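Structural overview for review
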Amino acid sequence: MYPVKYEGDIYRPPSEAKSLILQATIGCSHNRCTFCGMYKRKKFRVREFEELEKEIIAVSQMMPRTRRIFLADGNALAIPFELLSRILQLLQDAFPKLERVSLYGNPQDLLEKSVEQLRELKNLKLGIIYLGIESGSAAVLKEIRKGVTPQQIAEGASRAKQAGVPLSITVINGLAGLEGTEEHAGETASLLNKIDPEYLGLLSLMTVPGTTTHRCFKEGLLTPLSPWELLKEIRMMVEGLSLTNCVFRANHASNYLPIKAVLSRDKEQLLAELDRVIAKKAPGSLKSEYLRGL
Ligand code: SF4
């Protein structure tokens, strides 16, 4: 019998498809974002260490060569520092070939940890934090009840940066509707420039029935962006970006056009491709020569 127990639906980043998933927490400690329905049926809790320990030991006997582990659910970074260190140490001991542990985090979770603590977690193989910022606009963040300001996001991200833990940031294309598209694109670019993340992922908004965001669009308080307007928003954001070396992907199933690029290296070519596709209003792929090999 498979020794890992999962409670409810499990979500993980696309890049963790081959990782062993362990549910260290249940749900999301914030659980208030107006567009998100992922953990509405779960009450947040951190799993008992002893229960997790038994599971880790059992699975390590079945899968001793595991190299990558993703700690679910919505924000395992909310686990208090001492306990998270204990879990990471246990994983290292149980899986001798372990290379990297990853998890989702909220900006609030980063603010609850010091640079020194994040550095210690990195030394215990915390190799990447998937951080959903959704937008860089103060107004949009307030509207979606993200619970943090752009300044707080920048501060939390800077702690991870100083500690040397890579960040994979997620932003939501179309989140502010047509009414807020320019502010969303511009302010997000400006916050991303402050963060200078290693990875950036863009998802297209897919409203979930039952959420406030869904209601806003349904009642006409916000106007949904057409595929071309979504691409124009991406273009505005990319134009404002000035990043050192960031792998940028917009290849989620919810995106209308798959994009893979390294920013800033590919910025001008990416803008030209976006212009070409927007002008022709023709679906295609941006994976042309200069974007291959990622
Ligand atoms: S923090 Fe993330 S998982 Fe939690 S409610 Fe917001 S979007 Fe959903």
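Everything quoted here is computed from the prediction, not taken from an experiment.

Counting residues in each nonpolar core, the largest one holds 82 residues, and the members touching the most others are L71, L91, M237 and F248. Here this core takes seven residues from helix α2 (residues 81-94), the largest share from any one element. M237 has contacts with V171, A185, T188, A189, L192, L200, L202 and F248, leaving out every residue within four places of it along the chain. Membership of the second largest hydrophobic core comes to six residues, among which are I21, F70, A72 and Y104.

Here the focus is the packing of aromatic side chains. The tally for this structure, following the rule as stated, stands at four aromatic pairs. Where Y104 meets Y130, the ring centres are 6.2 Å apart and the plane angle is 70 degrees; that geometry is what we call edge-to-face. With Y104 in strand β5 (residues 100-105) and Y130 in strand β6 (residues 126-134), the pair connects residues that are 26 residues apart, well separated along the chain. The pair formed by Y104 and Y130 is uniform in burial state, with each residue classed as buried. Taken together, F70, Y104 and Y130 form an aromatic cluster joined through their ring pairs. Between R86 and the ring centre of F49, over which it is positioned, the NZ or CZ distance is 3.8 Å.

So, on to helix α4 (residues 115-123). What α4 keeps buried is the set V115, L118 and L121. In an axial view of α4, the angular spread of the buried residues amounts to 120 degrees, which keeps them on one side of the axis.

With that settled, consider the environment of T149. Position of T149 among the secondary structure elements: in the loop between α5 (138-143) and α6 (150-163). The sequence separation of T149 and G136 amounts to 13 residues, and the corresponding C-alpha distance is 8.4 Å.

The subject of this paragraph is the site of the ligand. Contacts to the ligand come from C28, N31, R32, C33, F35, C36, Y39, N106, E134 and K146. In terms of residue class, the shell around the ligand is built from five nonpolar, two polar and three charged.

On to the state of the cysteines, then. Tallied over the entire structure, the rule returns zero disulfides. With no disulfide of its own, C216 lies 14 Å from the sulfur of C33, the closest cysteine sulfur.

D73 follows A72 through a cis peptide bond whose omega is 0 degrees. For D73, the location among the structural elements is in the loop between β4 (68-72) and α2. Look at the link from L263 to S264: it is a cis peptide, with omega at 15 degrees. Topologically, S264 is positioned in the loop between β10 (259-263) and α10 (267-280). Located in the positive-phi region is N31, a residue other than glycine, with phi close to 55 degrees. Residues other than glycine seldom take positive phi values, yet K125 does so here, at roughly 80 degrees. Here K125 is to be found in the loop between α4 and β6. In this structure K125 comes out as partly exposed when scored by relative accessible area, which is 27%.

Residues Y2, Y6 and M62 make up a contiguous nonpolar surface patch of roughly 310 Å² in combined accessible area. As for its position among the elements, Y2 is in the segment before β1 (20-23).

Criteria and cut-off values
Residues numbered from 1 in each chain as written. Predicted model: local features only at pLDDT ≥ 70, side-chain atom pairs only at ≥ 80, totals over all residues. Heavy atoms only, no water. Core = buried A, V, L, I, M, F, W, Y, C linked by side-chain atoms within 4.5 Å. Buried < 20%, exposed > 50% of the residue type's maximum accessible area, 1.4 Å probe, protein only. Helix = DSSP H or I, 4+ residues; strand = E, 2+ residues; numbered from the N terminus. Contact = heavy atoms within 4.5 Å. Phe/Tyr/Trp six-rings, centres within 6.5 Å; stacked < 30°, edge-to-face > 60°. Lys NZ or Arg CZ within 6 Å of the ring centre and 35° of its normal. Arc of directions from axis to C-beta. Near = heavy atom within 4 Å. Nonpolar A, V, L, I, M, F, W, Y, C, P; charged D, E, K, R; others polar. Disulfide = S-S within 2.5 Å. Patch = residues over 30% accessible without salt bridge, like charges linked within 9 Å, V, L, I, M, F, W, Y side chains within 5 Å. Areas by Shrake-Rupley, 256 points an atom, 1.4 Å probe, with all protein chains shown as cover. Salt bridge = Lys/Arg side-chain N within 4 Å of Asp/Glu carboxyl O.

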